[in-house]
Amino acid sequence: MKESLRSKLEQLASRLAELDRLLSSEEATRDMDSFRKLSREHSELTGVVGLYERYRQAEGDAAAAREMAADPEMRSFADDEAKTARATMEQLEIDLQKALLPRDPNDERNTFLEIRAGTGGDESALFAGDLLRMYTRYAERQGWQVELISESASELGGYKEVIVKLIGQGAYSKLKFESGGHRVQRVPATEAQGRIHTSACTVAVMPEVDEIDDVVLNPAELRIDTFRASGAGGQHINKTDSAVRVTHLPTGIVVECQDGRSQHKNKAQALAVLAARIKDVQMREQAAKTAATRKSLVGSGDRSERIRTYNFPQGRLTDHRINLTLYKLDRIMDGELDDVVNALSIELQAEQLAQLAEEQAA
């Protein structure tokens, strides 16, 4: 193992021990925001330090085998032990390099999922509804909670726009590659001639922002309007100005929330979505700068990019970024997204390992 890698791992082991002390102290839970951040860091370090401990154990086994080989009667057994230990060390070093790849600090956050109908009129809105169902079913399989934040339903069903919050471990890490243009090719229910139509939706996946995060909402830069909620909401919701519209004046970003019965809750939800959208803009600007120096196959964050096609007549899904084609569209639309999510994650990991190898060779 290279000394630079060993030094890094020793630092992480020391940091994990420090986190153990901090989290077990009586003061730990007095600041819950700080406690959550420390707990998140502890969770991230536990795995890699565990691998390093196993590596050091294998290293000790190899050293013991070398000493054992000095005894002629034990040499054959010692050689086998040394061979096993070296193989273990080689595999663990590969695992450690993967574990040390740059982690997205947002991976373990809850996420806002926003789906907007695009070209294709009513058919696009219906497809937006299908996408929402697909992600909702996937969330159920992951054991996540799904909370409706805002919706604008279309007349024939589906949505012109819908925002949900997905609450659960790793929500953002699993879905962050879903941002972009989703194209559907199928025969609409309203098509009498049986012709295949093409329409599209835009998906945005945005990590939830901590209260003490780097997105600070200045009240002087916000315009907050209240109005009566529209649509099916019951008599109470239509008789009070419970709906809230928040406009961020510097960027022009507008968020509306009218699904809660309480104006206070709607305002809190709208501000949370606004903070996530502002952070999302910052992340995409940073991704664009990175892409200028190194083209990434995944995770560019470009909303205008067509990332995927859903071809219903052929039962085919194609992800254009990694040339992935799967012929099980019905199961994917029912929430079986693991093959897609895993393939995108593996592609990103391969890119990162290649970049790490280039840096080490330089």
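For the structure given in this document, a descriptive report is provided here. A quick note: this is a predicted structure, and the numbers were derived from the prediction, not measured.

Calculation criteria
- Residues numbered from 1 in each chain as written.
- Predicted model: local features only at pLDDT ≥ 70, side-chain atom pairs only at ≥ 80, totals over all residues.
- Heavy atoms only, no water.
- Pairing = 2+ DSSP bridges.
- Helix = DSSP H or I, 4+ residues; strand = E, 2+ residues; numbered from the N terminus.
- Axes fitted to C-alpha atoms, helices over the stretch in contact; angles between N-to-C directions.
- Expected span 1.5 Å × (residues − 1).
- Bend = angle between axes of the 7 residues up to and from the residue.
- Buried < 20%, exposed > 50% of the residue type's maximum accessible area, 1.4 Å probe, protein only.
- Contact = heavy atoms within 4.5 Å.
- Polar contact = N/O pair within 3.5 Å; in protein donor to acceptor, adjacent residues only side chain to side chain.
- Patch = residues over 30% accessible without salt bridge, like charges linked within 9 Å, V, L, I, M, F, W, Y side chains within 5 Å.
- Areas by Shrake-Rupley, 256 points an atom, 1.4 Å probe, with all protein chains shown as cover.
- Salt bridge = Lys/Arg side-chain N within 4 Å of Asp/Glu carboxyl O.
- Lys, Arg positive; Asp, Glu negative; His and termini not counted.
- Charge placed at Lys NZ, Arg CZ, Asp CG, Glu CD.

**Let's talk about the sheet that holds strand β8 (residues 253-257)**
The strand order across the open sheet formed by 3 strands is β6-β7-β8, and the pairing between neighbours is antiparallel. Every interior strand has two partners, whereas the edge strands, β6 (222-227) and β8, have only one. Pairs of neighbouring strands in the sheet enclose a mean axial angle of 15°, with direction left out of account. As paired strands, β6 and strand β7 (residues 243-248) are joined by 6 bridges and run antiparallel to one another. The residue bridging Ile224 from the neighbouring strand is Val246, located in β7.

**A word on helix α2 (residues 32-68)**
Look at α2: 52 Å from first C-alpha to last across 37 residues, which is about the 54 Å you get at 1.5 Å a residue. The largest bend in α2 amounts to roughly 30° and is located at Thr46. Those residues of α2 not exposed but buried are Asp33, Leu38, Leu45, Val48, Val49, Leu51, Tyr52, Tyr55, Ala58, Ala62 and Ala65. The elements touched by buried residues of α2 are α1 (3-24) and α3 (75-99). N-capping of α2 is provided by Asp31, with a side-chain oxygen placed 3.2 Å from the backbone N of Asp33.

**Let's talk about the side chain of Arg186**
On the secondary structure map, Arg186 appears in strand β4 (residues 180-186). For Arg186, a relative accessible area of 13% corresponds to the buried category. A polar atom in the side chain of Arg186 sits 2.4 Å from the side chain of Glu123. Only 2.8 Å separates the side chain of Arg186 from the side chain of Asp130, close enough to count as a polar contact. Apart from residues lying up to four places away in sequence, Arg186 is in contact with Glu123, Leu126, Phe127, Asp130, Arg195, Ile196, His197, Phe312 and Pro313.

**Details of a negative patch on the surface**
A cluster of acidic residues, Asp61, Asp79, Asp80 and Glu81, forms a negative patch at the surface. Looking at the negative patch element by element, the count peaks at 3 residues for α3. When you line up the elements, Asp79 lands in helix α3.

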